[in-house]
Amino acid sequence: MDAEDVYAENTWTYLSMCTEPTVYEGLKFAKDILFSNLLLRFTIQFLPLPHNVRHSLSLITGVYLLYNNIGSAIFWTIGLTTGSYTMITVLSWTKSKRRSLFVSFTIITFLLLCEIYVLNPKMWQQIRGIQMIAAMKIISVAIELDRNIYNNILNPVEYGGYIFCPANCILGPWMSFQSYNKSLEVRFLCKRWFSIILINLILSISFLVLSNCLIPWYIDDDMPKWLIAYRDAQAFRMSHYFVSSMSVLSMVSAGFGLTNDCHCELKVTRPSYIEIPRSLVQVVVYWNIPMHQWLKMYVFKTFQPYGQFTAILITYAVSSLLHGLNFQLSAVLLSIGTFSYVEYNLRSKIALALEVCCLANPCLKQCTHKYKKNSLLALVVNSIFTLITIMHLAYLGVMFEASFSVQESGFSYLHTMSKWENLNYFSHGLVVFMYIIYLMM
Amino acid sequence: MKCLWLLVITVLCLRCDTAGTKPRRGRGSMWWGIAKAGEPNNLSPVSPGVLFMDPAVHATLRRKQRRLARENPGVLAAVAKAQYAFAECQHQFKYRRWNCSTRNFLRGKNLFGKIVDRGCRETAFIYAITSAGVTHSLARACREASIESCTCDYSHRPRAAQNPVGGRANVRVWKWGGCSDNIGFGFRFSREFVDTGERGKTLREKMNLHNNEAGRRHVQTEMKQECKCHGMSGSCTVKTCWMRLPSFRSVGDSLKDRFDGASRVMLSKADVETPAQRNEAAPHRVPRKDRYRFQLRPHNPDHKSPGVKDLVYLESSPGFCEKNPRLGIPGTHGRACNDTSIGVDGCDLMCCGRGYKTNTMFVVERCNCTFHWCCEVKCKLCRTEKVVHTCL
């Protein structure tokens, strides 16, 4: 017997070795989230509590959940929350008209300073997402205060309960203060609710297994580099779907994001629109729908008076600043911005020239073009753009696949550039080429 | 009958004992026999019941080992599977004068020939790799849930948790979850099973214990932790990790490195004196935990004393050139060698200067293999001419 055969790991052993602990860890993570959220929901459901007690309950369960997950790093989040609340109150006393601008600026500066001066990059990688969600909530509160949406300034318990709400303080998604407040008052209980929780749990664990075990395995390392890039990017996307469905799970289990007749109306991401994308613009929209709404509502709309292009530019800038001063994320976001800008314009020109339904966003009602969306020409053109988008996604997503130490402590400039260099900066070249075509058309 | 057999072995050992150290160690390594017993078709290693019942297998085990096998159904099959340690040993020593050849003795002790009676490097390697094989195989069997008594140790913490490295208070140390490759079970059980009979009293028993432990340590330290981060936009809010056993090839490679740098030892002064004192105080046995707490002293006082992962030996190796029935050495007659190499696999060294003959033969082997997606490898059969050199 050849010695090699003896230790060759067969597929099944490999998969079971990876799947089992993955599922276990996924469930362990879900357990904490489910526990605190169900605790919150059942208390609200069965005990008639006054307004402020409900909010403080949300605050307490949220802090408990966060502490359980990140340990003492929670003080960074607490600091951010109390600091911003103090600032908002002080600014309200001075009757400042531009509270939101000051607050947003301070918070973003704080996040950047954290990134530079927090000594332990591992810890920063761990709490970055949490800080980002908190920052988004704080900025939205500040802006809504400026827009006079609330009758008076939030009290500390409401504010803390909103920021630390266990349903979305860890993985998001962002939700507005009004919908948070409303959901805390609503009482409901139905059988469907349990099945929604179960479905989301199964969904998120499946995405986790796909991301950890199945996708890294199904394309081998000695395949062409674009296939490997596609695989790595897909593993990253699956990880994102895992996080998104886990966040839906936590929202639903706390009773948020449900319609009156007990259907889940909350959508964080749409895997089908991203895996087979129509355009990069759609990917940007469906990647994280609440985040997109937040950017649209609070950043884009605020800066719209200064012109469309400026507003888009500022939106991208804010989005990347919220992610921190990280070269990789900024590069990816900036690339997505320019890629989708070029694509959007090129497609509208092509649609005009060939009279074909191939805009970046599908025509909503009656399409005015000569060739409708099911015509052969439209299908061909749209498929070409789909392929280009899939390639862009592989190109942009590949850098999130890295050795664990890199993942844990953040991506460097060199890491990003080496990944792109390996693919010969192909997507950037292609976009330049597309832009030239656009200019010549 | 058994006693008689034992007596014969003992007498033989005493007779072939030339170096003066007493190599008598009971039947500690007899279990090697069951690993070999799984091979012929009279036994099927996959059905543990059959394996356990077989009297031939039974006879190779000590009483304690039999008890362990009885209490932990499925363990014997896993130990029997550890025969890949023999294959690994043969792979590592393919190009050396001593090539780790085994014979078809059901009696485990004689599996590697009488070389194990000598406390030399080769013996050290045999002990280490077989003990590593059992650890590896048991850890794997535990994951595959073929051992009933091995439950997943969910509370277990990985080694990283014990190290202060990276363990800043505000970053929670990842806890080992899941059942992936339960090294803890393999390690503990291997200590119980493999080290039965090595009481650690004589120098030779200490050598065996040390080498067995070294083999296990190699498996343990080469466990890999694979992790992945999940969180919003590439952050690391959730970490998922799993432990992964090393391939046995890498264990064999590192043990081979230690073989090349093995240290010759003698008992340290303190240890020479303690057994006598201990015998007065506690005449029966050394407490089990204490069994592993001894320090061997390098033979050459200028050398460093051996670490836990180092292999140790007591006496220099015999020559492996000529047939030596007294030591069970087959010699290198008829071994294949490489005429262009100047290393140990070269014909000059391998044949010990006796010269070699060259034959040309045709072999049919697989070639031009192509990978078809997914997942098939197709090969052609080619007839190639091969020049084979064999020692005279």
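Residues numbered from 1 in each chain as written. Chains lettered and ligands numbered in written order. Predicted model: local features only at pLDDT ≥ 70, side-chain atom pairs only at ≥ 80, totals over all residues. Heavy atoms only, no water.

**Q** Please explain a nonpolar patch on the surface as it appears in this structure.
**A** Residue and element names in this part refer to chain A. On the surface, F309, L313, Y341, V432, Y435, I436, L439 and M440 cluster together to form a nonpolar patch covering roughly 840 Å² of accessible area. Top element by residues in the nonpolar patch is helix α19 (residues 426-440). It accounts for 5 residues. For L439, the position within the fold is in helix α19. (Patch = residues over 30% accessible without salt bridge, like charges linked within 9 Å, V, L, I, M, F, W, Y side chains within 5 Å. Areas by Shrake-Rupley, 256 points an atom, 1.4 Å probe, with all protein chains shown as cover. Salt bridge = Lys/Arg side-chain N within 4 Å of Asp/Glu carboxyl O. Helix = DSSP H or I, 4+ residues; strand = E, 2+ residues; numbered from the N terminus.)

**Q** Honestly, the UniProt feature "glycosylation site" in chain B in this entry has me stumped. Any pointers?
**A** All names here are of chain B. Per the UniProt annotation, the sites labelled "glycosylation site" are N99, N338 and N368. The greatest C-alpha distance among the residues just named is 31.2 Å, and with 270 residues of sequence between them they are spread in space as well. Setting aside residues up to four positions removed in sequence, N99 forms contacts with Q90, F93 and R335. Within the fold, N338 resides in the loop between β6 (336-337) and α14 (347-350). N338 sits in the partly exposed class, given a relative accessible area of 29%. A polar contact is formed between the side chain of N338 and the side chain of T340, at a distance of 2.8 Å. (UniProt positions renumbered as here; feature names shortened; annotations may be inferred. Contact = heavy atoms within 4.5 Å. Buried < 20%, exposed > 50% of the residue type's maximum accessible area, 1.4 Å probe, protein only. Polar contact = N/O pair within 3.5 Å; in protein donor to acceptor, adjacent residues only side chain to side chain.)

**Q** How should I be thinking about the domain arrangement of chain B in this particular structure?
**A** Where interface size is quoted, it is often the accessible area lost as the parts come together. All names here are of chain B. The domains assigned to chain B are domain 1 (31-154 + 175-271 + 290-325) and domain 2 (332-391). Listed by partner, the interface residues are 10 residues for domain 1 and 9 residues for domain 2. For the pairing of domain 1 and domain 2, the buried interface totals around 770 Å² over both sides, and the portion due to carbon and sulfur atoms is 48%. The three residues of domain 1 that bury the most area against domain 2 are Y95, R97 and C321, which together make up 62% of that side's buried surface. (Domains from an automatic or database assignment. Buried area = accessible area lost by both parts, 1.4 Å probe.)

**Q** Help me understand the confidence of the model for chain A, please; the structure alone is not making it clear to me.
**A** Reading predicted coordinates in detail is not appropriate for stretches of low pLDDT. On average, chain A scores 86 in pLDDT, and the residues at 70 or more come to 96%. Taken as a whole, residues 1-8 of chain A scores under 50 in pLDDT and shows 10 contacts with residues more than four places along the chain or in a different chain. (pLDDT = per-residue confidence, 0-100.)

**Q** Is there a simple way to explain the pairing of strand β2 (residues 238-244) of chain B in this structure?
**A** As a general feature of sheets, a regular strand has side chains that alternate between the two faces. All names here are of chain B. Of all 7 residues that make up β2, 6 are buried, and the element is covered over most of its length. When strand β1 (residues 224-230) meets β2, the two strands line up antiparallel, connected through 7 bridges. Bridge pairing links C227 to C241 in β2. (Pairing = 2+ DSSP bridges.)

**Q** Would you take a moment to explain the environment of N181(A) for this structure?
**A** Residues and elements named next belong to chain A. With respect to the secondary-structure elements, N181 resides in helix α8 (residues 177-185). When the C-alpha atoms of N181 and I390 are compared, they prove to be 40 Å apart, with 209 residues separating the residues in sequence. Not counting chain neighbours up to four residues away, the residues in contact with N181 comprise H51 and H55.

**Q** Would you mind showing me how to read the pattern of salt bridges here?
**A** Oppositely charged side chains can form a pair if their charged atoms are brought close together. Tallied over the full model, the rule gives 16 salt bridges over all chains. Measuring nitrogen to oxygen at the nearest pair gives 3.0 Å for the salt bridge that ties R231(A) to D232(A). Under the relative-accessibility criterion, D232(A) is labelled buried at 9%. For D310(B), the salt bridge goes to R258(B), with nearest N and O atoms at 2.8 Å. Taken together, the residues span a long stretch of sequence, with D310(B) in the loop between β4 (296-298) and β5 (312-313) and R258(B) in helix α12 (residues 248-260) at a distance of 52 residues.

**Q** So what exactly am I meant to see when it comes to the UniProt feature "lipid moiety-binding region: O-palmitoleoyl serine" in chain B here?
**A** Listed under "lipid moiety-binding region: O-palmitoleoyl serine" in the UniProt record, and renumbered for this structure, are S233(B). Secondary-structure assignment places S233(B) in the loop between β1 and β2. Since its relative accessible area comes to 17%, S233(B) is described here as buried. Each residue touching S233(B), except ones within four places of it in the same chain, is listed here: R128(A), M132(A), H323(A) and L329(A).

**Q** It is not clear to me how the state of the cysteines should be interpreted in this structure. Could you clarify?
**A** Disulfides are covalent bonds that connect the sulfur atoms of two cysteines. Under the criterion given, the structure shown has 6 disulfides over all chains. Each sulfur in the disulfide pair C229(B) and C236(B) lies 2.0 Å from the other. Between C229(B) and C236(B) the sulfur-sulfur dihedral comes to about -60 degrees; the bridge is accordingly left-handed. According to the relative accessible area criterion, C236(B) is buried, its value standing at 4%. The partner cysteine of C337(B) in its disulfide is C347(B), sulfur to sulfur 2.0 Å. The chirality of the disulfide connecting C337(B) with C347(B) is right-handed, given an S-S dihedral of about 90 degrees. Of this pair, C337(B) sits in strand β6 while C347(B) sits in helix α14; the two residues are 10 residues apart in sequence, bridging distant segments of the chain. Residue classification places C337(B) among the buried positions, given a relative accessible area of 11%. Not part of a disulfide, C114(A) finds its nearest cysteine sulfur in C169(A), a span of 17 Å. (Disulfide = S-S within 2.5 Å.)

**Q** I'm lost on the packing of helix α7 (residues 84-92) of chain B against α12(B) in this one. Help?
**A** When two helices pack together, their arrangement is given by the angle between the helix axes and the distance between those axes. Residues and elements named next belong to chain B. Viewed as axis vectors pointing N to C, α7 and α12 meet at an angle of 50 degrees, and their least axial separation amounts to 10 Å. One finds that α7 runs oblique with respect to α12. Handedness of the α7/α12 crossing: right-handed. Only F248, R249, G252, D253 and K256 of α12 make contact with α7, whose side of the interface consists of Y84, A85, E88, H91 and Q92. Each residue belonging to the contact of α7 with α12 can be placed in one class, and the counts come to 3 nonpolar, 3 polar and 4 charged. (Axes fitted to C-alpha atoms, helices over the stretch in contact; angles between N-to-C directions. Parallel < 35°, antiparallel > 145°, perpendicular 65-115°, else oblique. Left-handed = near helix turned anticlockwise from the far one by under 90°. Nonpolar A, V, L, I, M, F, W, Y, C, P; charged D, E, K, R; others polar.)

**Q** I would appreciate a short explanation of unusual backbone geometry in the present structure.
**A** The phi angle of most residues is negative, glycine excepted, and most peptide bonds adopt the trans form. If you check the backbone angles, E355(A) has positive phi at about 55 degrees while not being a glycine. With respect to the element layout, E355(A) can be found in the loop between α15 (327-354) and α16 (376-397).

**Q** I'm lost on the confidence of the model for chain B in this one. Help?
**A** All names here are of chain B. Confidence in the prediction of chain B, expressed as mean pLDDT, is 71, and 67% of residues score 70 or more. Predicted confidence for residues 153-178 stays below pLDDT 50, and this span has 48 contacts to residues more than four positions away or in other chains. Overall fold confidence (pTM) sits at 0.72, and the ipTM for the predicted complex is 0.84.

**Q** Please clarify how the environment of K357(B) should be interpreted in this entry.
**A** Residue and element names in this part refer to chain B. With respect to the helices and strands, K357 occurs in strand β7 (residues 356-372). Residue classification places K357 among the partly exposed positions, given a relative accessible area of 43%. Linking K357 and V388, residues 31 residues apart in sequence, is a C-alpha distance of 8.3 Å. Not counting the four nearest positions on each side in its chain, K357 is found in contact with V388, H389, T390 and L392.

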